[in-house]
Amino acid sequence: MPTVDASMRPLAIALIMIVCGVAVAQNPVIEARQFSSPPTIDGVVDEQEWEEATRVEGFTLIANGSPEPHRTRAWIGYDTQNIYIAYICEDPNPTLLRATEYRRGANLSGDDRVIFVINAFATQRGDDMSEFEVSAGGGSRSSIAGGRAAKREWQGDWIAKARITDSGYEVEASIPWAILPLPGAGVRNIDVNLGRFYQRQQLIAAYSNIGPEERSDRHAVWLGVNVPQVAQAGALQALPYQVLGYDDEGGSVVFNTGVDMRYRVNPQLTVLSSINPDFQNLENAVLNLEFSRFERLADERRPFFVEGGDFFRMGGSARPFASQRIGPFDVGGKVFGKITDDSVIGALTTIQFGEAVNAAVRYRKTFDQRSHVTVGWVYSDREGEGITNHAANTELMIDGERWGVGVIHAITEDSDVGAGKRTDVDVFYHDGAVSGSFGWQQISPNYLPRIGFAPRRGLKGWQGRLEYEKAFTSGGIVDASASVSFFDSDHWDGSGVYFDNRSVNAGINLRNGLSVNAGTGVSNFKGSIDKITWIWTEYPSNDPYQSLGVGSVFGSVGGDRYLRYDFFGRYRFPFKLSVFASLGFEALASENNHLHIIGTSFELSEFQSIAGRMVMRDSKVNWYLSYRQSGNFGAEYYVIIGDPNAPTFQKRVVLKAVFPFEIRW
């Protein structure tokens, strides 16, 4: 590549700044340098091998801007295929480094690790940011902007290596441009940051200090990157599956087949389709026994909806679209991504022949890093029940340095219950350790998004919240927080109280791993008074493999005594056997309930394991056991005994195989 004489480099950088409009007073700048010969990614950082890259150091703690405990040196460079990063992380006691994980896609929260974030569109928005983490033990985890399913062919083949040395640990990684959402080719500025997590001290250091609020507009500017033209057309990725087995119920043979397909129109836009997806053999999330006057919704885990899921989020607390409401379908398709640098779209439809047709569309236009307008439309036709439903949603968010305002207005039209509407107006405040909100909400009784989630309807009233959170860089406390909130609402027709609530909550995390959270609240639901106090403690909360937790919720619900105990524990043995248990007991008046979840997994290798889960809900018991060979490129195999999501154990054994392939033209 053409080179710039060292004496002329400052002038060249200044010219690029003027052309690109970089506000250097606000964000640190990293000069973009291109490799003529890329480094070898083996976890051994040879400074001569990285001399063509830009060296980055001077990391500070995001809690208060003070220097990091130990020196970190990093390098960043690129070529037409990949982005390359390297770290040398010094530590005077490397034997105390936490390096538990070695697997791809693992939970790295308990390990010392490095962090790299990138937003190729330079919008300074968190929803355009992709994040890559590598632990001292070589474990890796990525989060691609917009959401990405777990199959490695779809995630992309980024490579990371690490090793522990006599003076700390070293990390090297290469990230293909092709796996990132990208703007058009050409010289651009890119938002990036490099960070490091100190596990023993529970501290995060970063090259560009984003502050305790972790503000996405404070990342560094990677200046003058020549973004390559990434070839995408003509590549269709397919994940066909085959399930074969036996189900004792009815003495039937299980035979099922389907396929998921993915096509990236360009680096900004992705098309996904699915024919007869396999949802039955996925382990769904289980809601705990938490008492609530209103419906709760479990997390979404199905790959078809997880992929690009961020492009369909809208509506906040009464959202018109919640993919969990969509059951099995025969055919589904979606398209999502950026259509310009400052606007995104998501469109989805699913069809269950003769039963249901569902669709959702969302468009968002951004004005700056914290302000946007969103419009959405959702449709559901339950052919089997003769019910059709439409929902339309509009949102406006204008957010400044400290103050912001958000407005949401939505309407629904249902063939069974008629028309409904919902309006929210909120004012936000955030300034360092203090944040809060105050607003008005009204939701009519007939506001009903059939494939959305609106647990409270038929009300109008005020709500507010004030929170203080403080992080500490020394001493025994990692962070502490306290909050107060209220909600005052009447019935839609003004006939009396719908739901009023007052609550206070406080929490503290200690550097030794002890975490304590406690609070109390009083609520009035349609004249029924609830008084609840809760406390939860976990130790060590910063270890995802070995910890214990215990909690209690007590008080009265509608004048009746309420009591709940929760116990949680997890342990990972040195020979890679992990067990966890969650035990819940609940008593309300004379009624007693329990929910116990026990799970285990044994790692045969990085990509092979045996796992199982047992769910005991009152008198019903379900368990399943599985063997998996997955997580790498190529074919995946599963053997499953039982049904992961049935209420009781099913005498069922199936073999599932996934054979990924790619079609190019």
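Residues numbered from 1 in each chain as written. Predicted model: local features only at pLDDT ≥ 70, side-chain atom pairs only at ≥ 80, totals over all residues. Heavy atoms only, no water.

### Overview of the overall build of the chain
For the chain, the helix and strand inventory stands at 3 helices and 38 strands. Since a compact globule built from 665 residues should have a radius of gyration of about 26 Å, the 26 Å found for the chain is in line with a globular shape. Dimensions of the chain along its principal axes, counting C-alpha atoms only, are 80 × 55 × 50 Å. Long-range pairs, those at least 24 residues apart, make up 55% of the contacts in the chain between residues at least 6 apart in sequence. On the chain, roughly 29800 Å² of surface is accessible, and the fraction owed to carbon and sulfur atoms is 57%. (Helix = DSSP H or I, 4+ residues; strand = E, 2+ residues; numbered from the N terminus. Rg over C-alpha atoms; globule rule 2.2 N^0.38 Å. Contact = heavy atoms within 4.5 Å. Areas by Shrake-Rupley, 256 points an atom, 1.4 Å probe, with all protein chains shown as cover.)

### Quick notes on the packing of aromatic side chains
Taken as a whole and assessed by the stated rule, the structure comprises 30 aromatic pairs. When the ring of phenylalanine 35 is compared with that of tyrosine 84, the centres are 5.4 Å apart and the planes differ by 80°; the resulting orientation is edge-to-face. Taken as a pair, phenylalanine 35 in the loop between strand S1 (29-31) and strand S2 (54-57) and tyrosine 84 in strand S5 (residues 82-90) lie far apart in primary sequence, 49 residues in all. Taking relative accessible area as the criterion, phenylalanine 35 reaches 5% and is therefore assigned buried. Tyrosine 84 gets classed as buried once you look at its relative accessible area, which sits at 5%. Linked through ring pairs, Phe294, Phe487, Tyr498, Phe499 and Phe525 together constitute an aromatic cluster. Over the face of the ring belonging to tyrosine 241 we find lysine 656, whose NZ or CZ atom lies 5.3 Å from the ring centre. Sitting above the plane of the tyrosine 638 ring, lysine 656 keeps its charged end 5.9 Å from the centroid. (Phe/Tyr/Trp six-rings, centres within 6.5 Å; stacked < 30°, edge-to-face > 60°. Buried < 20%, exposed > 50% of the residue type's maximum accessible area, 1.4 Å probe, protein only. Lys NZ or Arg CZ within 6 Å of the ring centre and 35° of its normal.)

### Regarding the pairing of strand S10 (residues 168-176)
Within S10, 9 of the 9 residues are buried, leaving the element largely enclosed by the surrounding structure. Alignment of S5 against S10, held across 9 bridges, turns out to be antiparallel. In the strand pairing of S10, isoleucine 88 is matched with glutamate 170. In this sheet, S10 lies alongside strand S9 (residues 159-165) in antiparallel orientation, the contact comprising 7 bridges. The residue of S10 that forms the bridge with lysine 161 is glutamate 172. (Pairing = 2+ DSSP bridges.)

### Here we look at a nonpolar patch on the surface
Nonpolar side chains collect at one region of the surface, where Leu604, Ile610, Val621, Trp623, Leu625, Tyr637, Val639, Ile641, Val653, Leu655 and Phe659 lie side by side and expose about 850 Å² of accessible area between them. Put simply, the parts of the chain that give the nonpolar patch at least two residues each are strand S35 (620-629), strand S36 (636-641) and strand S37 (652-658). Relative to the helices and strands, phenylalanine 659 is located in the loop between S37 and strand S38 (661-664). (Patch = residues over 30% accessible without salt bridge, like charges linked within 9 Å, V, L, I, M, F, W, Y side chains within 5 Å. Salt bridge = Lys/Arg side-chain N within 4 Å of Asp/Glu carboxyl O.)

### As for the nonpolar core
In this structure, Tyr87, Phe116, Trp177 and Trp222 are the most contacted members of the largest nonpolar core, which totals 43 residues. Counting residues per element, the ones that place at least two in this core are strand S4 (72-78), S5, strand S6 (113-119), strand S7 (130-135), S10, strand S11 (186-198), strand S12 (203-206) and strand S13 (220-227). When residues no more than four places from it in sequence are discounted, the contact partners of tryptophan 177 are Tyr78, Asp79, Thr80, Gln81, Asn82, Ile83, Leu182, Ile190, Trp222, Val225, Pro228 and Val230. Residues Phe279, Ile326, Ile640 and Val654 belong to the second largest nonpolar core, which totals 26 residues. (Core = buried A, V, L, I, M, F, W, Y, C linked by side-chain atoms within 4.5 Å.)

### Some remarks on the sheet that holds S9
Spatially, S2-S4-S5-S10-S9 is the arrangement adopted by the 5 strands of the open sheet, whose pairing is antiparallel. With one partner strand each, in any of the chains shown, S2 and S9 form the two edges of the open sheet. On average, adjacent strands in this sheet sit at an angle of 15° to one another, irrespective of strand direction. (Axes fitted to C-alpha atoms, helices over the stretch in contact; angles between N-to-C directions.)

### Remarks on the pattern of salt bridges
Close approach of charged atoms allows side chains with opposite charge to pair. Tallied over the full model, the rule gives 42 salt bridges. A salt bridge links aspartate 530 to arginine 293; its shortest N-O distance comes to 2.9 Å. Taken as a pair, aspartate 530 in strand S29 (residues 528-539) and arginine 293 in the loop between strand S16 (269-275) and helix H3 (303-306) lie far apart in primary sequence, 237 residues in all. On the accessibility criterion, aspartate 530 (4% relative accessible area) is buried. Within the structure, one salt-bridge network assembled from shared partners comprises Glu47, Arg55, Glu57, Arg71, Arg73 and Glu90.

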